[in-house]
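# Inside the fold
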Amino acid sequence: MSPTADCNPNAKSASGPDERLAAQLASMLPAEAAVVQVRLHGPRTLWPHLGLTAVSDRGQALSVPRAKALTMARWIIRSFPQAGWAASGGHAFDLRTAQLRGLGT
């Protein structure tokens with residue numbers, strides 16, 4: 001048996017890239033976080049501003065440090081380049097189902 005076999009006990013629970021992203025984000029957020037909302041403010045400017053809000057099951061916004069929020073927003077945007085970030089009002093990434101959807105749906 002490999003000496004590193006037990007280093008990542010959750011490795012088998014996240015099979016696809018979306019599930020792995022959801023697991024990674026969930027490990028960085030407060031335990032009650034269920035969804036992260038990502039917005040791209042100012043998509044027509046040279047330096048767009050990213051916004052990320054973590055939301056609980058009850059719809060309560062959770063506190064996320066700015067540097068961590070920017071990092072997670074970049075990960076999500078880079079993981080879903082086909083989502084049309086510049087043309088949308090933002091997207092919500094469900095940490096439980098690893099599904100990305102528009103904020104209006």
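Structure's up top.
About the criteria used
Residues numbered from 1 in each chain as written. Predicted model: local features only at pLDDT ≥ 70, side-chain atom pairs only at ≥ 80, totals over all residues. Heavy atoms only, no water. Core = buried A, V, L, I, M, F, W, Y, C linked by side-chain atoms within 4.5 Å. Buried < 20%, exposed > 50% of the residue type's maximum accessible area, 1.4 Å probe, protein only. Helix = DSSP H or I, 4+ residues; strand = E, 2+ residues; numbered from the N terminus. Contact = heavy atoms within 4.5 Å. Phe/Tyr/Trp six-rings, centres within 6.5 Å; stacked < 30°, edge-to-face > 60°. Pairing = 2+ DSSP bridges.

### A short note on the nonpolar core
The nonpolar side chains of soluble globular proteins are, as a tendency, buried together. Formed by 22 residues in total, the largest nonpolar core has its most connected members in Leu29, Leu52, Ile76 and Phe93. Where this core is concerned, the elements lending two or more residues are helix H1 (17-28), strand E1 (33-41), strand E2 (49-56) and helix H2 (66-79). With 5 residues, the top contributor of residues to this core is H2. Ignoring anything within four residues of it in the chain, the contact list for Leu29 reads Val36, Ala54, Val64, Met72 and Leu95.

### A word on the packing of aromatic side chains
Counted by the stated rule, this structure contains 1 aromatic pair. When the ring of Phe80 is compared with that of Phe93, the centres are 5.6 Å apart and the planes differ by 55°; the resulting orientation is tilted. Separated by 13 residues along the polypeptide, Phe80 in the loop between H2 and strand E4 (91-94) and Phe93 in strand E4 bring together distant segments of the chain. Residue classification places Phe80 among the buried positions, given a relative accessible area of 7%.

### Regarding the side chain of Asp94
Assignment of secondary structure puts Asp94 in strand E4. Residue contacts for Asp94: discarding those within four places in its chain leaves Ala34, Val35, Gln99 and Arg101.

### Topic: the pairing of E1
Sheet topology note: the E1/E2 ladder contains 8 bridges and is antiparallel. Residue pairing for E2: Ala33 is matched across the bridge by Ser56. Where E1 meets E4, 4 bridges bridge the pair, whose relative direction is antiparallel. By the bridge assignment for E4, Val38 is matched with His91.

By themselves, these figures tell us nothing about what the structure is for.
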